[in-house]
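Residue-level structure breakdown
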Amino acid sequence: MKTFIKKTIFHALCICFILLTISCENKEKRMQKKMHKVIEKYIVNDLSKGTILDSIQILRIDSVSDYHFVAFIIKPIIDNRLDELNYKFNHLSDSGSIEELKLKQDTEYEINKLIDKSNYYSNKLTAEILDSTNIRYYFVSTLIYTTDSNNIPSLDYYGFPITTDFHVREINELINE
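The present account deals with the structure reproduced in this document. Here the structure is a predicted model, which means the values were calculated and not measured.

Where strand β2 (residues 135–147) lies against strand β3 (residues 153–163), 11 bridges are found, and the strand directions are antiparallel. Bridge pairing in β3 places Leu 143 opposite Tyr 157. Between the end of β2 and the start of β3, which pair antiparallel, lie five residues, with Asn 151 showing a positive phi angle near 60°.

Using the criterion set out here, one finds six salt bridges in the structure. Linking Asp 66 and Arg 136 is a salt bridge whose minimum nitrogen-to-oxygen distance equals 4.0 Å. Placement of Asp 66 in helix α2 (residues 66–90) and of Arg 136 in strand β2 is noted, with a sequence separation of 70 residues between them. Classification of Arg 136 as partly exposed rests on a relative accessible area of 28%. Across the salt bridge formed by Arg 81 and Glu 84, the nearest N and O atoms sit 3.2 Å from each other. Of this pair, Arg 81 and Glu 84 both sit in helix α2, three residues apart, which is roughly one turn of that helix. Residue class for Arg 81 comes out partly exposed when judged on its relative accessible area of 31%. The partly exposed category is assigned to Glu 84, whose relative accessible area is 48%. Each of Arg 81, Glu 84 and Glu 110 takes part in one network of salt bridges that share partners.

Here the focus is the side chain of Asp 66. Looking at Asp 66, the relative accessible area reads 16%, which means it is buried. Within polar-contact distance, the side chain of Asp 66 engages the side chain of Asn 134 at 3.1 Å. Non-local contacts of Asp 66, meaning those with residues more than four positions away in its chain, are made with Leu 130, Asp 131, Asn 134 and Arg 136.

The next point concerns the nonpolar core. The nonpolar side chains of a soluble globular protein tend to be buried with one another. In this structure, Phe 69, Ile 74, Ile 78 and Leu 114 are the most contacted members of the largest nonpolar core, which totals 18 residues. Secondary-structure elements contributing two or more residues to this core are α2, α3 (98–126) and α4 (171–175). Sorting elements by how many residues they give to this core places α2 first, with nine residues. Excluding its chain neighbours within four sequence positions, the residues that come into contact with Ile 78 are Leu 114, Lys 117, Ser 118, Tyr 121 and Ile 175.

Let us now look at α3. Here α3 spans 42 Å end to end across 29 residues, near enough to the 42 Å set by a 1.5 Å rise per residue. Among the residues of α3, Lys 104, Thr 107, Ile 111, Leu 114, Lys 117, Ser 118, Tyr 121 and Leu 125 are the ones counted as buried. Along its buried surface, α3 packs onto α2 and α4. Just past α3, the residue Glu 128 takes up positive phi, approximately 55°.

Paired through backbone hydrogen bonds, the strands of a sheet run either parallel or antiparallel to each other. Pairing in this open sheet of three strands is antiparallel, and the strands run β1-β2-β3 from one edge to the other. For this open sheet the edge positions go to β1 (52–65) and β3, each flanked by a neighbour on one side alone. Taken pair by pair, the neighbouring strands of this sheet meet at an average axis angle of 15°, ignoring direction. Note: β1 against β2, 12 bridges, orientation antiparallel. Considered in β2, the bridge of Gln 57 is made with Leu 143. Strand contacts of α2: β1, β2 and β3, with the helix running at about 120° to β1, the strand carrying the most contacts.

Thresholds applied
Residues numbered from 1 in each chain as written. Predicted model: local features only at pLDDT ≥ 70, side-chain atom pairs only at ≥ 80, totals over all residues. Heavy atoms only, no water. Pairing = 2+ DSSP bridges. Helix = DSSP H or I, 4+ residues; strand = E, 2+ residues; numbered from the N terminus. Salt bridge = Lys/Arg side-chain N within 4 Å of Asp/Glu carboxyl O. Buried < 20%, exposed > 50% of the residue type's maximum accessible area, 1.4 Å probe, protein only. Polar contact = N/O pair within 3.5 Å; in protein donor to acceptor, adjacent residues only side chain to side chain. Contact = heavy atoms within 4.5 Å. Core = buried A, V, L, I, M, F, W, Y, C linked by side-chain atoms within 4.5 Å. Expected span 1.5 Å × (residues − 1). Axes fitted to C-alpha atoms, helices over the stretch in contact; angles between N-to-C directions.

Taken by themselves, the reported measurements are silent on function.
Below, the structure is given as structure tokens:
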């Protein structure tokens with residue numbers, strides 16, 4: 001009698017484990033399908049005229065917390081943009097045309113704005129205000145296969161920050177929040 005109960009409990013646990021595994025796989029597949037649809041819609045709207053989307057291969061989906069989003073996505077993007085603007089600023093002439101002087105002034109303004117934003121995020125990181133458990137985004141790494149109007153195939157790597165309610169966010173939009 002005891003062995004029958006043990007076998008019954010063992011079989012029930014095995015069935016529960018199998019059902020749980022199938023459920024998790026289905027949930028992951030559903031999420032990947034949603035991500036694929038969101039990315040496809042985004043890419044199709046952004047393609048140049050005559051270019052055809054052949055396929056999208058999702059390489060990886062990472063869950064990103066508030067802390068990790070700032071530390072590994074926003075802050076490095078701001079720092080890279082600052083490097084680009086500083087390079088541009090340093091190569092603009094002070095004795096050039098009015099257009100060049102205006103461009104230098106605009107570039108300096110954008111640099112100062114990004115320095116303020118970088119300091120803001122640095123303070124958040126060092127003050128440990130950001131939650132490292134709250135999932136804020138999914139960062140989806142993909143390969144996008146396209147064919148241009150001349151039938152030349154192309155393969156590009158893209159990373160997409162996607163909200164938990166499945167909307168692609170533009171990097172510039174995120175920086176300017």
